[in-house]
Amino acid sequence: MNSFIIEREKIIANAEAIFSRAGDADVYAVVKGRGYGFGLNEYILLLHECGVRTFAVTDVADALSIKKLNLIDTNVFMLRSTSLSEELAALIENDVILTIGSTEAAVAANDIAISKNKQARVHIKIDTGMGRYGFSTDDIEQIYAAFTKFSALTPCGLYTHLSSAFKSRRITDRQIDELFAIRDELNARNVDCGVVHFANSAYLFKFGDPIGDAVRIGSAFTGRLACKGKGRSLSKVGYLESNICEIHWLSPGSKVGYGGAFTAKKATKTAVIPVGYSDGFHVEKARDTYRFRDCLFYILSDIKRMFFKKSVYVKINGKKAKVLGHIGMTHTVCDITNISCDIGDKAEFDTSPLYVSPDIYREFI
Ligand SMILES: *Cc1c(COP(=O)(O)O)cnc(C)c1O
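Described below are features of the structure shown in this document. Along every chain, residues carry numbers that run from 1 in the direction the sequence is written. In keeping with the predicted nature of the model, local features appear solely for residues at pLDDT of at least 70, side-chain atom pairs appear and are counted solely at 80 or more, and the whole-chain, interface and lining totals rest on all residues. For the side-chain quantities, the full set of heavy atoms in the structure was used; hydrogens and water were omitted.

**Some thoughts on helix α8 (residues 169–188)**
Helix and strand definitions here come from DSSP, where helices need a minimum of 4 consecutive H or I residues and strands a minimum of 2 consecutive E residues; each element is numbered from the N-terminal end. Given a helix with a known number of residues, its expected span is that number minus one, times 1.5 Å. Given a rise of 1.5 Å per residue, 20 residues ought to cover 28 Å, and the 28 Å separating the end C-alpha atoms of α8 matches this to within 8%. Among the residues making up α8, those that are buried are Thr172, Gln175, Ile176, Leu179, Phe180, Ile182 and Leu186. Looking straight down α8, one finds its buried side chains confined to an arc of 155 degrees; they lie on one side. With respect to the buried face of α8, the exposed residues turned more than 90 degrees away are Arg170, Asp177 and Ala188. Two residues form a contact once any of their heavy atoms are found within 4.5 Å. Looking at the buried positions of α8, the neighbouring elements they touch are β6 (120–127), α7 (140–148), β8 (153–159), β9 (195–199) and α9 (201–206). Counting of polar contacts relies on pairs of N or O atoms within 3.5 Å, with two restrictions inside protein: one atom must be capable of donating a hydrogen and the other of accepting it, and residues adjacent in sequence are counted only when both atoms are side-chain atoms. Between the side-chain oxygen of the N-cap and the backbone nitrogen of Arg170 there are 3.4 Å, and the N-cap of α8 in question is Ser168. Count one or two residues on from α8 and you reach Asn190, which has phi positive near 65 degrees. Each residue is assigned to one of three classes by its accessible area relative to the maximum for its type, calculated with a 1.4 Å probe on protein chains only: buried under 20%, partly exposed between the two thresholds, exposed over 50%. This arc is built from the directions going out from the helix axis to the C-beta atoms.

Here is the structure:
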């Protein structure tokens, strides 16, 4: 049976690297998207053991299921601003820290908190370039009002989200400067902003200074950063595991897979493994081709690929077995001519947990 194996030790080592880079800043673990594909409960418990005390989510159901774990000294933080009253009611009822990114959200949250006789802790979000949630940097009066005018809201943080930390110091610095300008203006009006934060994984590992009072880290725990070459101190966590279900010998001239993309030049011993792209193997993030320069970048990298063909490998008994032909929806064929292995032996597929089908069992080892 196929499963996704998650190595606890690697997560623990990544957490150590993250805490060490964060220094005095608090570490919030972002566990959106069902914990970046690791699943919630076991992952949350492990991160809690690693010292994480704030879990950030974007989904109300996830917030509530973390709350149910009843972990000591633990906060759940909703990263998405919402003006939806059903969402706000559930979050406030369960003492989840809210993100307030608009006056509408502040009004709705305040009304619901009053009706429930609750005091809601909130962080105020500023949009400095993501264009999703947050007050515009021009809305200083509304931001000031969000900090001071709502009796049932307790503001305890001010933050923004970086759009380009994986690639641009210039854009990133501009975003941070805009956040700091808002903080300074509020301080000048005697408002205590609480925890000021902006750093995500790419920022922490690529730049890291200034760092703010807290860092919000998701992908670094998985060891899979969006910026190439950074975070060398991290290890990639997780692989798909399956078993060889068939072994064959191909005679010279035989082909493999749709389109016959591979032709055996000599007698080749192959293993068939029932894992394919529907399980998440070798699935890539969708290409972002909105801008001309992105298209150009992809064309160039495709040309490069034409000349320097990059093979895909599967690990069998500790050895790298080359994938032959196109990967199928639920099948992969690989070359085991020089690998001693048998039907039933395990095969490991390096796969980002983000793309692994939620139906596949997550096993923590
Ligand atoms: C996803 C997310 C993060 C974490 O990003 P990583 O790059 O995975 O560390 C931080 N803040 C917000 C608001 C997010 O949505």
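**Things to note about the layout of surface pockets**
Of the two site types, the cavity is a set of points on a 1 Å grid over the protein atoms alone where a 1.4 Å probe fits but cannot get out, and the pocket is an open set with protein on both sides within 12 Å along at least five of seven lines, each lined by residues with an atom within 4 Å of a point. Grid points are joined across faces, edges and corners, and a volume is the space filled by probe spheres set on the points. For the second largest pocket, the calculated volume is near 190 Å³. In terms of lining, the second largest pocket is formed by Gly33, Arg34, Tyr36, Gly37, Gly39, Leu40, Pro353, Leu354, Val356, Pro358, Ile360 and Arg362. Of the residues forming the lining of the second largest pocket, the biggest block, 3 residues, is contributed by helix α2 (residues 32–36).

**Describing α7**
Turning to α7, its buried residues are Ile140, Ile143, Ala146 and Phe147. One face of α7 carries all of its buried residues, which in axial projection span an arc of 120 degrees. Check the buried side of α7 and you find it contacts β6, β7 (135–136), β8 and α8.

**Digging into the pairing of β6**
Counting buried positions along β6 yields 6 of 8 residues, so the element is predominantly enclosed. Here strand β5 (residues 97–100) runs beside β6; their pairing, made up of 3 bridges, is parallel. Across the sheet, the residue bridging to Thr99 is His123, located in β6. For two strands to count as paired, DSSP must find a minimum of two bridges between them. Direction of pairing for β6 relative to β8: parallel, over a ladder of 6 bridges. Looking across to β8, one finds that Arg121 is bridged to Thr154. Taken together, the 2 bridges between β6 and β7 define a ladder with parallel strand orientation.

**Let's talk about a nonpolar patch on the surface**
Residues enter a patch when their relative accessible area is above 30% and they make no salt bridge; the linking distance is 9 Å between like charges and 5 Å between nonpolar side chains (Val, Leu, Ile, Met, Phe, Trp, Tyr). Note on areas: Shrake-Rupley with a 1.4 Å probe; residue coverage comes only from the protein chains shown. Any carboxyl oxygen of Asp or Glu within 4 Å of a side-chain nitrogen of Lys or Arg constitutes a salt bridge here. Nonpolar side chains collect at one region of the surface, where Phe292, Leu296, Ile299, Leu300, Ile303 and Phe307 lie side by side and expose about 670 Å² of accessible area between them. Its location among the elements puts Leu296 in helix α11 (residues 292–307). The exposure class assigned to Leu296 is partly exposed, which follows from its relative accessible area of 41%.

**Description of the environment of Gly238**
Relative to the helices and strands, Gly238 resides in the loop between α10 (219–222) and β11 (239–243). Judged by its relative accessible area of 4%, Gly238 is buried. For the pair formed by Gly238 and Gln175, sequence separation is 63 residues and the distance between their alpha carbons is 33 Å. Ignoring sequence-local partners within four residues, the contact set of Gly238 consists of Phe4, Ile5, Ile6, Glu7, Arg224, Asp350 and Thr351.

**Description of the sheet that holds strand β16 (residues 313–316)**
In spatial order, the strands read β17-β16-β19-β11-β1-β20; together these 6 strands make up an open sheet with mixed pairing. Looking at which strands have only one partner, the edges of the open sheet turn out to be β17 (319–322) and β20 (361–364). Direction aside, the axes of adjacent strands within the sheet are offset by 35 degrees on average. When strand β1 (residues 3–6) meets β20, the two strands line up parallel, connected through 4 bridges. Bridging from a neighbouring strand, Ile5 pairs with Glu363 of β20. Fitted lines through C-alpha atoms give the axes, limited to the stretch in contact for helices. The angle between two N-to-C directions lies from 0 to 180 degrees.

**Overview of the packing of helix α4 (residues 60–68) against helix α5 (residues 85–93)**
Packing of α4 against α5 leaves a shortest axis separation of 10 Å and a crossing angle of 15 degrees. Judged by the angle between their axes, α4 and α5 are roughly parallel. Crossing of α4 against α5: the hand is left-handed. For the pair α4 and α5, contact is made by Val60, Ala63 and Leu64 and by Glu87, Ala90 and Leu91, respectively. In what follows, roughly perpendicular refers to angles from 65 to 115 degrees, roughly parallel to angles under 35, roughly antiparallel to angles over 145, and oblique to any angle outside these ranges. Here is the rule for handedness: rotate from the far helix to the near one, and if that takes an anticlockwise turn smaller than a right angle the crossing is left-handed, while a clockwise turn gives right-handed.

So yeah, pure geometry; function would need other evidence.
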